[in-house]
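# Chains, contacts and geometry: an overview
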Amino acid sequence: MNAEFRINGVRLETDRLVLRAFEMSDLDDFYEYASVEGVGEMAGWRHHESRQKSLEILELFISEDKTFAICLKENGKVIGSLGVERYGMEEALTEFDGYKGREIGYVLGKDYWGRGIMPEAVKAVIGYLFEVCDLDFLTCGYYDFNSRSKRVQEKCGVKPYRRLKMETRLGTEEPGVLNLLTNSNKDITFEFSHPETLIFRD
Ligand SMILES: CC(C)(COP(=O)(O)OP(=O)(O)OC[C@H]1O[C@@H](n2cnc3c(N)ncnc32)[C@H](O)[C@@H]1OP(=O)(O)O)[C@@H](O)C(=O)NCCC(=O)NCCS
């Protein structure tokens, strides 16, 4: 089942990054990376064509309080986001009944790609969700065309779980892979449903 999650003012620090809730003053930084074509498109949403669009999404981020702003420690600039989303198909994925989980999604400004920044952010959030929030599992996915995101997930230790068609926010469906990470502090053995899409059989 989906766990309750709110950032609630938490700040996570890594060597190069601070992760914290979004604030209204982040609008310029947010629009700067979200308006670049080819960033959101890799994650299933269209790049922002106006500051108004970024403002609407920023207000949503702030009210929902589940999306971390990824900030560079050296200058405080917001260069990306990492959402602790609800995973989908909750009723169909009966293996997760009685276990608490969420899905991770992320985007990084194009100028910062290729420096290992997202794996650093994702690992910090995984550590927080497992060790402090006591979640049992996390999912995260990527579309087949997104080999960079696949690499991020490999580096973070998640395992291929299901081959699925996944919806985009553009109203289309794309084939992709959903990955799974189980909290290794716990003794969990899932009884998997829907073998027709299953990859993971640990
Ligand atoms: C996917 C994404 C988060 C990767 O973040 P990152 O911090 O660049 O991750 P890494 O530095 O670990 O690089 C991952 C892979 O990208 C590729 N890469 C490296 N440098 C790159 C560059 N300058 N430009 C593009 N891709 C590059 C490499 O294949 C790298 O894997 P490697 O380290 O094994 O060589 C980032 O590309 C992004 O935000 N993309 C658009 C949104 C998106 O895809 N979100 C995920 C949706 S599932």
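The structure this text deals with has already been given above.
Residues numbered from 1 in each chain as written. Predicted model: local features only at pLDDT ≥ 70, side-chain atom pairs only at ≥ 80, totals over all residues. Heavy atoms only, no water.

Another point: the state of the cysteines. Tallied over the entire structure, the rule returns zero disulfides. Of all cysteine sulfurs, the one in C156 lies closest to C140, which takes part in no disulfide; the gap is 7.5 Å. We classify C140 as buried; its relative accessible area is 6%. When its relative accessible area of 12% is taken as the criterion, C156 is described as buried. (Disulfide = S-S within 2.5 Å. Buried < 20%, exposed > 50% of the residue type's maximum accessible area, 1.4 Å probe, protein only.)

The environment of the ligand is formed by 21 residues, the closest being G114, G116, N146, R151 and K155. Within the side chain of R151, one N or O atom sits 2.6 Å away from an oxygen atom of the ligand. A distance of 2.6 Å separates an oxygen atom of the ligand from a polar side-chain atom of K155. Ranked by residue count, the leading element in the shell around the ligand is helix α4 (residues 147-155), at five residues. (Near = heavy atom within 4 Å. Polar contact = N/O pair within 3.5 Å; in protein donor to acceptor, adjacent residues only side chain to side chain. Helix = DSSP H or I, 4+ residues; strand = E, 2+ residues; numbered from the N terminus.)

Between two packed helices, the angle of one axis relative to the other and the distance separating the axes together describe the packing. Running from N to C, helix α1 (residues 27-34) and helix α2 (residues 51-64) point in directions that differ by 115 degrees, and their axes come no closer than 9 Å. Where α1 crosses over α2, the two elements pack in a sense that is right-handed. Listed contacts from α2 to L27, D28, F30, Y31 and A34 of α1 are R51, S54, L55, I57, L58 and F61. Split into classes, the residues belonging to the contact of α1 with α2 amount to eight nonpolar, one polar and two charged. (Axes fitted to C-alpha atoms, helices over the stretch in contact; angles between N-to-C directions. Left-handed = near helix turned anticlockwise from the far one by under 90°. Contact = heavy atoms within 4.5 Å. Nonpolar A, V, L, I, M, F, W, Y, C, P; charged D, E, K, R; others polar.)

Here the focus is unusual backbone geometry. The backbone phi angle of D65 is positive, close to 55 degrees, even though this residue is not glycine. At M89, a residue that is not glycine, the phi angle is positive and equals roughly 55 degrees. Locating M89 in the fold gives a position in the loop between β4 (78-85) and β5 (101-108).

Here the focus is the packing of aromatic side chains. In total, this model carries 15 aromatic pairs according to the counting rule given. On the basis of an interplanar angle of 50 degrees and a centroid distance of 6.3 Å, the ring pair of F5 and F68 is categorised as tilted. Taken together, the residues F5 in the segment before β1 (12-13) and F68 in strand β3 (residues 67-72) connect sequence positions 63 residues apart. Taking the centre distance of 5.9 Å and the plane angle of 85 degrees together, the rings of F137 and F190 count as edge-to-face. Here F137 is found in strand β6 (residues 137-143), whereas its partner F190 is found in the segment after β8 (173-182), with 53 residues between them in sequence. (Phe/Tyr/Trp six-rings, centres within 6.5 Å; stacked < 30°, edge-to-face > 60°.)

If you walk through the whole model with that rule in mind, you get 18 salt bridges. With its nearest N and O atoms 3.9 Å apart, the salt bridge here joins R6 to D65. Linking R6 in the segment before β1 with D65 in the loop between α2 and β3, this pair joins segments that are 59 residues apart in sequence. Exposure remark for D65: the relative accessible area of 11% places this residue in the buried category. Note that E85 is salt-bridged to K66, the shortest N-O span being 2.7 Å. Of the two residues, E85 sits in strand β4 while K66 sits in the loop between α2 and β3, which places them 19 residues apart along the sequence. On the accessibility criterion, E85 (21% relative accessible area) is partly exposed. Its relative accessible area of 15% is what places K66 among the buried residues. Residues joined by salt bridges that share partners form a network here, namely K100, D134, D136 and K186. (Salt bridge = Lys/Arg side-chain N within 4 Å of Asp/Glu carboxyl O.)

What follows is about the sheet that holds β5. Spatially, β1-β2-β3-β4-β5-β6-β8-β7 is the arrangement adopted by the eight strands of the open sheet, whose pairing is mixed. For this open sheet the edge positions go to β1 and β7 (159-167), each flanked by a neighbour on one side alone. Bridging between β5 and β6 involves three bridges; their strand directions are parallel. Bridging across to β6, G101 finds its partner in F137. Packed onto the sheet, α1 meets β4 and β5 and runs at close to 85 degrees relative to β4. (Pairing = 2+ DSSP bridges.)

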